[in-house]
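Next come the chains, spelled out residue by residue.
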Amino acid sequence: MATREEELLAPYLQVRSVLGVDGTPVGPEPDLTPDQLREIYRWMIFLRVHDQRLLTLQRQGRLGTFAPFSGQEACQVGSAYLLEPRDWIFPTYRDHGAMMVHGVPEVNIIRYFMGDEWGSRSPDGVNVFPISIPIATQLNHAVGCAWASKIKGEDAVAVGYVGDGGTSEGDFHEALNFASVFNVPAIIFVQNNRYAISVPLHRQMKSRSIAQRAIAYDIPGVRVDGQDVLAVISVFREAIDRARSGGGPTLIEALTYRYGPHTTSDDPKRYRSQEEVEEWQARDPIERMRRYLVARGLWTEQEDEDLWAWAREQVAAAVAEAEAMGRPDPAAIFDYVYAELPWHLREQKEKLLAELARRQGEVKSHG
Amino acid sequence: MARMTMVQAINDALRVAMRRDPRVVVMGEDVGVNGGVFRATDGLYQEFGPDRVIDTPLAEAGIIGTAIGMAVNGLRPVAEIQFDGFLAPAHEHVVNHLARIRWRSRGRFTAPVVVRIPSFGGIRALEHHSESIEAWYMNNPGLKIVVPSTAYDAKGLLLAAIEDPDPVLFLEPKRLYRAFREEVPEDYYTVPIGKARVAREGRDVSLFTYGAMVPVALEAAEKAAQEGIDVEVIDLRSLMPLDVEAIVASVQKTGRVVVLNEAPRTAGAAAEIIALINDKALLYLEAPVIRVTGFDVPMPYLLSEDLYLPDAERVLAAIREVRSY
Ligand SMILES: Cc1ncc(C[n+]2csc(CCOP(=O)(O)OP(=O)(O)O)c2C)c(N)n1
Ligand SMILES: [Mg+2]
């Protein structure tokens, strides 16, 4: 006989899936057209190519510290694919995939990791908050943003992204509580990739799942196979529908894995085994989707080759564009501190510009 | 003696402290199995085990809050906050409890916690990883604030901080972690908190600074020497308390002062030092004091980091100006 506790927890330990590891359906498929299915697949390949390319650029010294998401493409695409332009996302440093799916140009992402503040500036009409590096803080912003939609009588939804480690911060719990108390149209999306840098999940929490934390806040909580893009899309469809129709927040936990280092400053060999990485690579979200599409007759090998080539071209073009942009205008570090430049910043700005002009003059006269 | 980088000297200090005092525990994010993201705690987990080298959950308020409780109950926690910008979630505990537990319990309780924080800019890091937070806490009574700039001082000051009866914020200039190697004694020694160090003697101009700006100051002093200006560089080492005697002595000697910090200009450590000179040594001055600082802007992303950080040229310009006044 199951204990009461086990009965209570069971729904929060169960993992929702649509595709098995070999791509055969094991659960109800979301209602998507063949074009949509192909588009989803195209996004995942584009993100993989983008990610690998940026990793290489960093190794070549052409980019600053970089946080790769390879392995988490199903989460990146599945969480953003169904959102409408009026919806919002509040990403971490590892969610630039979702940012692009929701409309941020790739060039912005590259400029951001090159170290240009303009990379944090989403185009007008693209409701993507700048990447938040202070862990879990963005969740309260997402909840507040969703709350504002509700207060204004609008139906836009906000998604707050966070990692498994981030669930230990007070902000995570405060965000869930606010979302629950005020019944706001927010989705808290946890990508549980099992590590916070080197710290494994069992060191973050004794709970048996992250999803079960929804019990305490009395909101829906679901666990999903994060390597299965159709499953991620399915749970997001339900959460978005609920939020839009006034049903309140949802906590989603996706089980996933990052293939690469935490960032380019990290050496994952110090805390995890190569076997573990390979186990997860065998569950690759892209390969799984490819098999599904091929089995359904929606995709061919030739199309696959063309798609990878197309992605490489896209990324190469974006990199070229980003690298052609040069250094940001020095004046801009002052111009956006306040709406209007106070006297002391005006003074400091003039001083810096004069100094730069003088130094350039010196370089010229010496050269 | 062994030749050590600053980060090795810090690692050595922690090991020495843990061997001689069983009350010392090290805690923080990634400090155990991984040995810290800068490897400052490398090897400690293997030697002292998971009860004394603690990989905590990702929660700074939890880290500092529990460290306070541990310290009140007899341990000597050395907490690592992974980067300067991430002390923010623990700000509550630092200002509302750590800094004032002795005061509000009228001495019944104390929290001798050391908070080690890789600090300041210059390593081309992502946002929030290059902050200068010293002034936030200088204005908050009850904390000592220490900033080493050499490997020798890093070890001796950290051991002094662990021994100190009061909480210490130990700001480690991450830019200097591996910038040089120096002779460092392998055994126990302390460098007193509250004492500045004359990094370079000089007669014409006093240059007060600390942390990652010390090498910048020395470079500027070398350049000034080529122009016949003899600059005295004082490495303050401790911002709370400040070494008022060393500051006044140098001002008396030179009468001309430049103060250098990489933090934003307004209400930074430099402003406090100038106020102190005004209080204690104004009549020795032969020229207005000049401060060289960062700008009053958020720390720029890496492509613009060098625009922000004071360099030897900026310091040299100030030296010339104060000399020729
Ligand atoms: C408040 C705060 N503390 C510490 C850090 C340093 N840090 C950056 S990422 C990270 C681990 C995050 O792990 P997780 O939430 O699981 O997300 P993942 O990186 O695995 O995607 C840490 C400790 C930070 N950015 N912010
Ligand atoms: Mg994680």
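Given the structure is predicted, the values throughout are model-derived calculations rather than measurements.

**Observations regarding the overall build of chain B**
Part 1 of the argument: The helix and strand inventory of chain B stands at twelve helices and 14 strands.
Part 2 of the argument: Computed over its C-alpha atoms, the radius of gyration of chain B comes to 19 Å, within 12% of the 20 Å expected for a compact globule of 325 residues.
Part 3 of the argument: The principal-axis extents of the C-alpha atoms in chain B amount to approximately 60 × 40 × 40 Å.
Part 4 of the argument: Burial status across chain B gives 62% buried among its 325 residues.
Part 5 of the argument: In chain B, 83% of the contacts between residues at least 6 apart in sequence involve partners at least 24 apart.
Part 6 of the argument: About 11900 Å² of surface is accessible on chain B, with carbon and sulfur atoms providing 51% of the total.
Part 7 of the argument: Of the side-chain charges in chain B, 35 are positive and 44 negative, and the distance between the mean point of each set is 4 Å.

**Observations regarding the domain arrangement of chain B**
Much of the literature gives interface size as the accessible area that the parts lose upon coming together.
Residues and elements named next belong to chain B.
Part 1 of the argument: Partitioning chain B into domains gives domain 1 (2-184) and domain 2 (197-324).
Part 2 of the argument: A C-alpha centroid distance of 26 Å is found between domain 1 and domain 2.
Part 3 of the argument: Taken together, the contact pairs 26 residues of domain 1 with 26 residues of domain 2.
Part 4 of the argument: In total, domain 1 and domain 2 occlude about 2100 Å² of area from one another, counting both sides; carbon and sulfur atoms represent 57% of this.
Part 5 of the argument: Among the residues of domain 1 in contact with domain 2, Arg-124, Met-138 and Arg-175 are the three that bury the most area, contributing 29% of the side total.
Part 6 of the argument: Salt-bridge contacts for Arg-237 lead to Asp-153; the nearest nitrogen and oxygen are separated by 3.1 Å.

**Considerations on the sheet that holds strand S3 (residues 53-55) of chain B**
All names here are of chain B.
Part 1 of the argument: Strand order across the open sheet formed by seven strands is S3-S2-S4-S5-S7-S6-S12, with mixed pairing between neighbours. Unpaired on one side and paired on the other, S3 and strand S12 (238-240) mark the two borders of the sheet. On average, each strand axis in the sheet is inclined to that of its neighbour by 20°, with strand direction left out of account.
Part 2 of the argument: Direction of pairing for strand S6 (residues 144-146) relative to strand S7 (residues 168-173): parallel, over a ladder of three bridges. Its bridge partner being in S7, Val-146 is matched across the sheet by Phe-170.

**Looking at the packing of aromatic side chains**
Part 1 of the argument: Inspection of every chain in the model, using the stated rule, returns 23 aromatic pairs over all chains.
Part 2 of the argument: Both rings, one in Trp-118 of chain A and one in Tyr-336 of chain A, keep their centres 5.6 Å apart while their planes meet at 85°; by these two values the pair is edge-to-face. In this pair, Trp-118 of chain A is assigned in the loop between helix H5 (106-114) and helix H6 (137-151) and Tyr-336 of chain A in the loop between helix H14 (332-335) and helix H15 (343-366), connecting sequence segments 218 residues apart.
Part 3 of the argument: Among the residues examined, Tyr-336 of chain A registers a relative accessible area of 59% and is labelled exposed.
Part 4 of the argument: Considering the side-chain rings of Phe-295 of chain B and Tyr-308 of chain B, the 6.5 Å spacing of their centres and the 80° angle between planes classify their relative orientation as edge-to-face. Here Tyr-308 of chain B lies in helix H11 (residues 305-308) and Phe-295 of chain B lies in the loop between strand S14 (290-294) and H11, a separation of 13 residues in the sequence. Taken as a pair, Phe-295 of chain B and Tyr-308 of chain B share a single burial class, namely buried.
Part 5 of the argument: By the ring-pair criterion, three or more aromatic residues cluster together here, those being Phe-66, Tyr-112 and Phe-113 of chain A together with Tyr-301 of chain B.

**A few points about the pattern of salt bridges**
Part 1 of the argument: On inspection of all chains with the given rule, the structure shows 47 salt bridges over all chains.
Part 2 of the argument: One salt bridge connects Asp-155 of chain A with Arg-86 of chain A, and the closest N-O pair in it is separated by 2.7 Å. Of this pair, Asp-155 of chain A sits in the loop between H6 and strand S2 (158-163) while Arg-86 of chain A sits in the loop between helix H3 (73-80) and strand S1 (88-90); the two residues are 69 residues apart in sequence, bridging distant segments of the chain.
Part 3 of the argument: Given the relative accessible area of 32%, Asp-155 of chain A is considered partly exposed.
Part 4 of the argument: Here Asp-84 of chain B ties to Lys-174 of chain B by a salt bridge, and the two come within 2.6 Å at their closest N and O atoms.

**Considerations on the domain arrangement of chain A**
Part 1 of the argument: Taken domain by domain, chain A consists of domain 1 (4-324) and domain 2 (332-366).
Part 2 of the argument: The gap between the C-alpha centroids of domain 1 of chain A and domain 2 of chain A is 40 Å.

**Thoughts on the packing of helix H2 (residues 34-59) of chain A against helix H13 (residues 301-323) of chain A**
All names here are of chain A.
Part 1 of the argument: Where H2 meets H13, the closest approach of the two axes is 9 Å, and the angle between their N-to-C directions is 45°. Compared by their axis directions, H2 and H13 come out oblique. Here H2 and H13 pass one another in a crossing that is right-handed. The residues of H13 that touch H2, namely those facing Tyr-41, Arg-42, Ile-45, Phe-46, Arg-48, Val-49, His-50, Arg-53 and Leu-57, are Asp-304, Leu-307, Trp-308, Trp-310, Ala-311, Arg-312, Gln-314, Val-315 and Val-319.

**Overview of the interface of chain A and chain B**
Part 1 of the argument: Chain A puts 39 residues into the contact, and the matching count from chain B is 38 residues.
Part 2 of the argument: Together, the buried faces of chain A and chain B total about 3300 Å²; carbon and sulfur atoms form 58% of this surface.
Part 3 of the argument: Interface area lost by chain A to chain B is led by Ile-133, Arg-203 and Arg-270 of chain A, which between them contribute 19%.
Part 4 of the argument: Across the chain A-chain B interface, the total number found is three salt bridges.
Part 5 of the argument: Its salt-bridge partner being Arg-314 of chain B, residue Glu-355 of chain A comes within 2.9 Å of it at the nearest N-O pair.
Part 6 of the argument: The interface formed by chain A and chain B includes twelve residue pairs in polar contact (both at pLDDT 80 or more).
Part 7 of the argument: Listed by contribution, the elements that provide at least two residues to the side of chain A that touches chain B are H5, helix H8 (201-204), H14 and H15 of chain A.

**Side note on the sheet that holds strand S10 (residues 205-209) of chain B**
Residues and elements named next belong to chain B.
Part 1 of the argument: Taken in spatial order, the five strands line up as S9-S11-S10-S13-S14 in an open sheet, and their pairing is mixed. Every interior strand has two partners, whereas the edge strands, strand S9 (197-200) and S14, have only one. Shown here is a sheet whose adjacent strand axes are inclined to one another by a mean of 25°, direction ignored.
Part 2 of the argument: Two elements, S10 and strand S13 (residues 257-264), share three bridges in a ladder whose sense is parallel. Of the residues in S13, the one forming a bridge with Phe-208 is Val-259.
Part 3 of the argument: Each of S10, strand S11 (231-235) and S13 is contacted by helix H9 (residues 244-254), which is oriented at about 155° to S10, the strand it contacts most.

**Some points on the site of ligand 1**
Part 1 of the argument: The local shell around ligand 1 holds 21 residues, among which Tyr-93, Arg-94, Asp-164 and Gly-165 of chain A together with Glu-60 of chain B are the closest.
Part 2 of the argument: Near ligand 1, the surrounding residues are drawn from chains A and B.
Part 3 of the argument: Between ligand 1 and Ile-133 of chain A, the relevant distance is 2.9 Å, taken from a nitrogen atom to a main-chain nitrogen or oxygen of the residue.
Part 4 of the argument: Alone, ligand 1 offers 580 Å² of accessible surface; in the complex the protein occludes 95% of this.

**Overview of the nonpolar core**
Part 1 of the argument: Ranked by size, the top nonpolar core spans 166 residues in total, and within it Met-289 of chain A together with Ile-64, Leu-87 and Phe-208 of chain B carry the most contacts.
Part 2 of the argument: By residue number, the principal contributor to this core is H2 of chain A, which donates twelve residues.
Part 3 of the argument: The residues contacting Phe-208 of chain B, other than those within four sequence positions of it, are Ile-234, Leu-236, Ile-247, Ser-250, Val-251, Val-257, Val-258, Val-259, Leu-260, Ile-273 and Ile-277 of chain B.
Part 4 of the argument: Judged by nonpolar contacts, the second largest core, of 26 residues, contains Leu-139, Val-143, Val-184 and Ala-211 of chain A.

**Here's the deal with the pairing of strand S4 (residues 76-80) of chain B**
Residues and elements named next belong to chain B.
Part 1 of the argument: Among the five residues of S4, five are classified as buried, and the element is accordingly described as predominantly covered.
Part 2 of the argument: Where strand S2 (residues 24-28) meets S4, five bridges bridge the pair, whose relative direction is parallel. When the bridges of S4 are listed, Val-24 appears paired with Arg-76.
Part 3 of the argument: Where S4 and strand S5 (residues 114-119) come together, three bridges link them in parallel fashion. Within S5, the residue paired with Val-78 across the bridge is Val-114.

Conventions adopted
Residues numbered from 1 in each chain as written. Chains lettered and ligands numbered in written order. Predicted model: local features only at pLDDT ≥ 70, side-chain atom pairs only at ≥ 80, totals over all residues. Heavy atoms only, no water. Helix = DSSP H or I, 4+ residues; strand = E, 2+ residues; numbered from the N terminus. Rg over C-alpha atoms; globule rule 2.2 N^0.38 Å. Buried < 20%, exposed > 50% of the residue type's maximum accessible area, 1.4 Å probe, protein only. Contact = heavy atoms within 4.5 Å. Areas by Shrake-Rupley, 256 points an atom, 1.4 Å probe, with all protein chains shown as cover. Lys, Arg positive; Asp, Glu negative; His and termini not counted. Charge placed at Lys NZ, Arg CZ, Asp CG, Glu CD. Domains from an automatic or database assignment. Buried area = accessible area lost by both parts, 1.4 Å probe. Salt bridge = Lys/Arg side-chain N within 4 Å of Asp/Glu carboxyl O. Pairing = 2+ DSSP bridges. Axes fitted to C-alpha atoms, helices over the stretch in contact; angles between N-to-C directions. Phe/Tyr/Trp six-rings, centres within 6.5 Å; stacked < 30°, edge-to-face > 60°. Parallel < 35°, antiparallel > 145°, perpendicular 65-115°, else oblique. Left-handed = near helix turned anticlockwise from the far one by under 90°. Polar contact = N/O pair within 3.5 Å; in protein donor to acceptor, adjacent residues only side chain to side chain. Near = heavy atom within 4 Å. Core = buried A, V, L, I, M, F, W, Y, C linked by side-chain atoms within 4.5 Å.

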